[in-house]
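# Observations on the three-dimensional arrangement
Residues per chain are reported as follows:
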Amino acid sequence: MINVSIIKKQIAGFAGLLLCLFAMAHLAGNLLMLVSSEVFNRYAHALTSNPFIYGIELTLLFIFLIHLGLVMRLQWENRSARPEKYAMQKRTGRGATLASSTMVFSGITLLVYLVFHILHLKFGTDYRVSYDGIEVRDLSRLVMEYFGSPGTVGFYVLAMTAFGMHLSHGFWSAFQSFGFSHAKYTVKLRRLSIVFGVLMSIGFSILPLWAYLQGV
Amino acid sequence: MSERAKMTLKLKIWRQENARSKGRMTDYTLSGVSPDMSFLEMLDLLNEQLISQDKDPVSFDHDCREGICGMCSLVINGQAHGPEALTTTCQLHMRKFKSGDTLFIEPFRAKAFPVLKDLMVDRAAFDEIIAAGGFIDIATGSAPDANAIPVSKINADLAMDAAACIGCGACVASCKNASAMLFVSAKVAHLSHLPQGQVEADKRILSMVAKMDALGFGNCTNEAECQAVCPKGISISNIARLNRQYLRAALLSEESESMDCLEEGSH
Ligand code: FES
């Protein structure tokens, strides 16, 4: 059953929606930086010192790999479904959108981004700070330092634009793959999907831009 | 004929000797094209000239030339059935183009639609999908009295909308993944909306989708280019319905188990 086109898409879409949930939680955490670095650091500490964290991280990694693996397989099948390309192919303007036709590119951009993101921040310099005698990681300091460079900020904003575009098609597309279709609500869902994508890309761009402006 | 200006066109046409040979785009200049000609009549004109020069005419599919049989195909300037919405190639007229235009004319391209010659492709894959379950097995008798079998207005309308599919394959040709989901979903929908189609609904869905996958069509990525080029305006809401009916059938239907057994047996 797992080899059926429709089921593969449904699993990939479901994994994508779960990743959306994670992204929303991640964004909420990021925005704590705007409150104060102490709140942010304490929150990060609470997350990482939690005994369940490894299980949760592994689950997240698993969901991500499912999404990645399935879309790669689907994409490979899609390419082989048309071995000979057209000399000229033009979108009608009544179907595909910029976001929908660039899902592969936005996806690859995100994959590259994620490698750097995890390497530089999660596994970045381990500064320490103490609050009320408890020593925690000073993630806030690393973030401020990291986003002091305009190149990094530019890269992040670019990646988050790709992220927003990926979501603006992917979000509603997952619902379509599960078979949600309604004369009135599908139109609304497609709009919501775009709003969601835009909000997420703005939301995730706030922190790098804000951190950069602090340092200027 | 009126003094309406005849047009001269630059044509770039895919020429391919046979299914095994390698094809290429070939340039032609065609003058004397009337704006009142259909696209196929324009190709007829070209072929008359080629024949009179003792050259091989361009092969292309057509039958009714009335927009109802689904035999005509062609990707014209990068769009299946050309630039006009809700129109088959045979119903596309040359007045949509200007004298001096360059027209790219290519066959529908998909692994499952191999080119036979020039612009002619083999769309038997669609017949195979229908043969896998796109029919009703039970004896339904002769035509029943009107309204003897109650069908709600909305279901009758949805079934009719889906039944408008002429099976031309433009959905596959326009899809960047060469997916046949619009076709399959229409063929499933026009039966599953009616009481006679209910009996074998699960089996039909499972086997038609299995056949579609086996034939090497791609996976739908919900871009709706198929719906945009469909000469009959088949909606992608049919695809959504197919998706949910498939999931339900795969998880809950007894047919699904017997299909799995069959699959294992065949390996
Ligand atoms: S030739 Fe019959 S639909 Fe075009």
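Quantities reported herein were computed from a predicted structural model and do not represent experimental measurements.

## With respect to the environment of Glu135(A)
Residue and element names in this part refer to chain A. Mapped onto the secondary structure, Glu135 falls in strand E2 (residues 134–137). Classification of Glu135 by relative accessible area gives partly exposed; the value is 46%. In this structure, the C-alpha to C-alpha distance between Glu135 and Arg42, residues 93 residues apart in sequence, is 9.9 Å. Glu135 has contacts with His45, Arg128, Val129 and Ser130, leaving out every residue within four places of it along the chain.

## Brief notes about the layout of surface pockets
Here the second largest pocket is characterised by a volume of approximately 700 Å³. Lining the second largest pocket are 37 residues; nearest its centre among them are Gln89(A), Cys175(B), Lys176(B), Asn177(B) and Glu223(B). In terms of residue class, the lining of the second largest pocket is built from 17 nonpolar, 12 polar and 8 charged. Residue-level mapping places the lining of the second largest pocket at the junction of two domains, with at least three residues from each of domain 1 (3–45 + 56–117) and domain 2 (123–138 + 147–266) of chain B.

## A closer look at the pairing of strand E1 (residues 128–131) of chain A
Residues and elements named next belong to chain A. Here E1 runs beside E2; their pairing, made up of 4 bridges, is antiparallel. When the bridges of E2 are listed, Val129 appears paired with Val136. With antiparallel pairing between neighbouring strands as the criterion, E1 and E2 make up a hairpin whose turn holds 2 residues, including Asp132 at a positive phi of roughly 50 degrees.

## Comments concerning the confidence of the model for chain B
Mean pLDDT over chain B: 94, with 94% of residues reaching 70 or higher. Interface scoring of the predicted complex returns ipTM 0.94; its pTM is 0.95.

## Here we look at the interface of chain A and chain B
Contact with chain A, which involves 39 residues of that partner, is made by 49 residues of chain B. Scanning the region where chain A abuts chain B turns up 0 salt bridges. On the surface where chain A and chain B come into contact, there are 32 residue pairs in polar contact (both at pLDDT 80 or more). At the level of secondary structure, the elements contributing two or more residues to the side of chain A that touches chain B comprise helix H1 (5–35), helix H3 (53–80), helix H4 (98–101) and helix H7 (150–178) of chain A. Element by element, the count of residues in the side of chain A that touches chain B is highest for H7(A), at 6 residues. Looking at side-chain class alone, the side of chain A that touches chain B contains 14 nonpolar, 17 polar and 8 charged residues.

## Thoughts on the domain arrangement of chain B
How large an interface is tends to be reported as the accessible area lost when its parts come together. Residue and element names in this part refer to chain B. Looking at the assigned domains, one finds that chain B contains domain 1 (3–45 + 56–117) and domain 2 (123–138 + 147–266). The gap between the C-alpha centroids of domain 1 and domain 2 is 29 Å. Contacts between the two partners involve 20 residues from domain 1, matched on the other side by 20 residues from domain 2. Summed over both sides, the interface between domain 1 and domain 2 buries roughly 1,400 Å², with carbon and sulfur atoms accounting for 65% of that surface. Interface area lost by domain 1 to domain 2 is led by Leu86, Ala112 and Phe113, which between them contribute 35%. If you look at where domain 1 meets domain 2, you find 1 salt bridge. Residue Asp61 pairs with Arg123 through a salt bridge whose shortest N-O separation is 3.3 Å. Across the contact surface, domain 1 and domain 2 share 4 residue pairs in polar contact (both at pLDDT 80 or more). Taken together, the residues of the side of domain 1 that touches domain 2 break down into 11 nonpolar, 6 polar and 3 charged.

The rules behind these values
- Residues numbered from 1 in each chain as written.
- Chains lettered and ligands numbered in written order.
- Predicted model: local features only at pLDDT ≥ 70, side-chain atom pairs only at ≥ 80, totals over all residues.
- Heavy atoms only, no water.
- Helix = DSSP H or I, 4+ residues; strand = E, 2+ residues; numbered from the N terminus.
- Buried < 20%, exposed > 50% of the residue type's maximum accessible area, 1.4 Å probe, protein only.
- Contact = heavy atoms within 4.5 Å.
- 1 Å grid on protein atoms, 1.4 Å probe; cavity = no way out; pocket = protein on both sides within 12 Å on 5 of 7 lines; lining within 4 Å.
- Points joined across faces, edges and corners; volume = space filled by probe spheres on them.
- Nonpolar A, V, L, I, M, F, W, Y, C, P; charged D, E, K, R; others polar.
- Domains from an automatic or database assignment.
- Pairing = 2+ DSSP bridges.
- pLDDT = per-residue confidence, 0-100.
- Salt bridge = Lys/Arg side-chain N within 4 Å of Asp/Glu carboxyl O.
- Polar contact = N/O pair within 3.5 Å; in protein donor to acceptor, adjacent residues only side chain to side chain.
- Buried area = accessible area lost by both parts, 1.4 Å probe.

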